[in-house]
Amino acid sequence: MTQKKAPAIGGVVHVYQRYDPTQFPSPTKPPPDLVAPAFEHALAFGRYRELTEEELARAVELDPSQIDALGPSIEHLRKLLEERKQKILSTYESDTVQRRADEAVRQAAGQVRVPKPLRRLFRQAVRERQIYLLERLYFRLEDTSPAAGKLTALIARLADQYAMDELAARYEFTGHEALTIPRALEVKEELEQIDELLRQLEEAAKTARIGIIDLQKLSEFVSEQDMASLEEVRQQVENLLRELAERQGLQQDARGTFQLTPQAFKIFQGQLLQRIFSNLQAGRTGRHHGRIEGDGSVELPATRAYQFGDSLASMDLSSSIVNNLIRQPKATVRRLHPDDIEVHRTRNTPKCATAVIMDMSGSMRYDAQYINVKRMALALQGLITTEYPGDVLRFIEMYTFGKLCPPGEIINLLPKPVTLHDPWVRLRVDMSRDDITESQIHPHFTNIQHALRLARQNLVAVDTPNRQVVLITDGLPTAHFEESMLYLLYPPDPRTEEATLREGRLCRREGIVINVFLVPSWSQSPEDIRFAYRLAEATQGRVIFTAGRDLDRFVVWDYLDRKREILG
């Protein structure tokens, strides 16, 4: 009995290589985020360093699958560099040049004649091959000493030996051609450049960051045709970035630099709030508060019986008519009685007025705390704009002076440069004089008193009992006003502290609470903390200690807690 053969399958069978169904890019994958890198750049440098296409390309991670020919081009270049590296390693050997470098050190050491008191240190330096000991020895010799020049030559030979040892340890040479020391230094530099280019190509293949590749160095190793292919890919990446930037609110000017638009601000603030609220735990501070019933702008589904004084604008018309029909089912003429009327319950959303004082004195450069302050300000503004549009928010930049800052200018704030380095400063100037301007005054001091006065003047005019100041600083005040006389006092003086506390008590008299957010600083002392407590206690406020990176989260959460206390 013969077995029938299975029918042959017709058609063409395609075999797809390098295809992973689980890694196939989704058509709904969100586009790369260009707004966050642009804002991080602006937070760090303000308007003083513009964001170019090259810098944006370095900062943004793209999906390589979106770039035609990216993979093949980079893979081809990588193979060329690998072949160049392998050819060098298979040509030379490193043992001979190490021996030559060691012998050069011995010969250079034999020519040095140091004074007798220094010979022991010299022998130790040569025996242990320690450059830092030779440098100590050099500084103990006189410049006119004959040994000084010989010692410099010895240090140079020892540096060559270090380089030869590093070359042999880092790369595995398999060839037979001996290297001279000058040629070995050239080979070392070439191999290190190849390794760096390979690293750049590997990262570019993953993130499509063509901007990180040093094209000038790469052109020394590959042909003009290969460079032209890579240039086409780079242009494709730039076109994609330009298109994505326009969609996300980054506007390019005639010079090719990117400007932040209101759309970009809204996106970035949304990202900040999403990050902040993603850290909220169940049952902790949130965006939903207990209701307060009364007249308000937000109507709730529930209703209640009408009471004298209620606004008829909140009347539930359908329920009121039904009540009238039930009470007078046979009436031919309908007249609403007060007992028929039902009104919607409403949620009261009281207004809150807040002034945020942002320390931009010279010390805020430490650990880039000024960036955390600006990120916090943008997050708080985004919260109030979206969740509490009826609230009042003012921003005040604090340095030697206090100055109102429009929200659109927050991104450009930078800590003031330190222009006076004396350890003891006692200065005063009459700011009422016509020949004195702010630009003539050292800007890096901390004038909390003037900032509080400006905050008080702005908050007292707001028609709400809920007023607060959020003071973000890293230490004690070092400047204050007495009438028109400005005092700059460092180290901090009790006179400045008393003037600041006096302003705090004036805030309390106007019903303004001061909450102090104390960020860490290299110069912070227990006295800084005690002053913050005294200022907060003067207005029944609080002191909150926070790492700078968590400042935005703590300020936003504290604002929500404050709103909940008002509502509750």
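For the structure itself, consult the block above.
A short tour of the structure in this document, coming up. (Residues numbered from 1 in each chain as written. Predicted model: local features only at pLDDT ≥ 70, side-chain atom pairs only at ≥ 80, totals over all residues. Heavy atoms only, no water.)

Observations concerning the sheet that holds strand β12 (residues 512-518)
Then, in step 1: The 6 strands lie next to each other as β7-β6-β5-β9-β12-β13, forming an open sheet whose pairing is mixed. The open sheet terminates on both sides in strands that have one partner only, identified here as β7 (402-404) and β13 (543-545). Within this sheet the neighbouring strands show an average axis-to-axis angle of 20 degrees, counted without direction.
Then, in step 2: Against the sheet, helix α13 (residues 369-387) touches β5 (353-359), β6 (392-398) and β9 (467-473), its axis set at about 165 degrees to β6.
Then, in step 3: Sitting on the sheet, helix α16 (residues 526-538) touches β9, β12 and β13, and the angle it makes with β12 is about 160 degrees. (Pairing = 2+ DSSP bridges. Helix = DSSP H or I, 4+ residues; strand = E, 2+ residues; numbered from the N terminus. Axes fitted to C-alpha atoms, helices over the stretch in contact; angles between N-to-C directions. Contact = heavy atoms within 4.5 Å.)

Re the nonpolar core
Then, in step 1: Residues V356, M358 and I472 are the most contacted members of the largest nonpolar core, which totals 49 residues.
Then, in step 2: Here this core takes 10 residues from α13, the largest share from any one element.
Then, in step 3: Apart from the residues within four sequence positions on either side, M358 is in contact with V373, A377, F395, I396, E397, M398, C405, I410, L413 and I472.
Then, in step 4: Within the second largest apolar cluster, 30 residues are counted, among which are I74, A101, Y171 and F221. (Core = buried A, V, L, I, M, F, W, Y, C linked by side-chain atoms within 4.5 Å. Buried < 20%, exposed > 50% of the residue type's maximum accessible area, 1.4 Å probe, protein only.)

A closer look at the packing of helix α15 (residues 494-509) against α16
Then, in step 1: Where α15 meets α16, the closest approach of the two axes is 8 Å, and the angle between their N-to-C directions is 25 degrees. Classified by the interaxial angle, the pair formed by α15 and α16 is roughly parallel. Where α15 crosses over α16, the two elements pack in a sense that is right-handed. Across the interface between the two elements, E497, T500, L501, G504, R505 and R508 from α15 touch E527, F531, R534, L535 and A538 from α16.
Then, in step 2: Residue composition of the contact of α15 with α16, by class: 4 nonpolar, 2 polar and 5 charged. (Parallel < 35°, antiparallel > 145°, perpendicular 65-115°, else oblique. Left-handed = near helix turned anticlockwise from the far one by under 90°. Nonpolar A, V, L, I, M, F, W, Y, C, P; charged D, E, K, R; others polar.)

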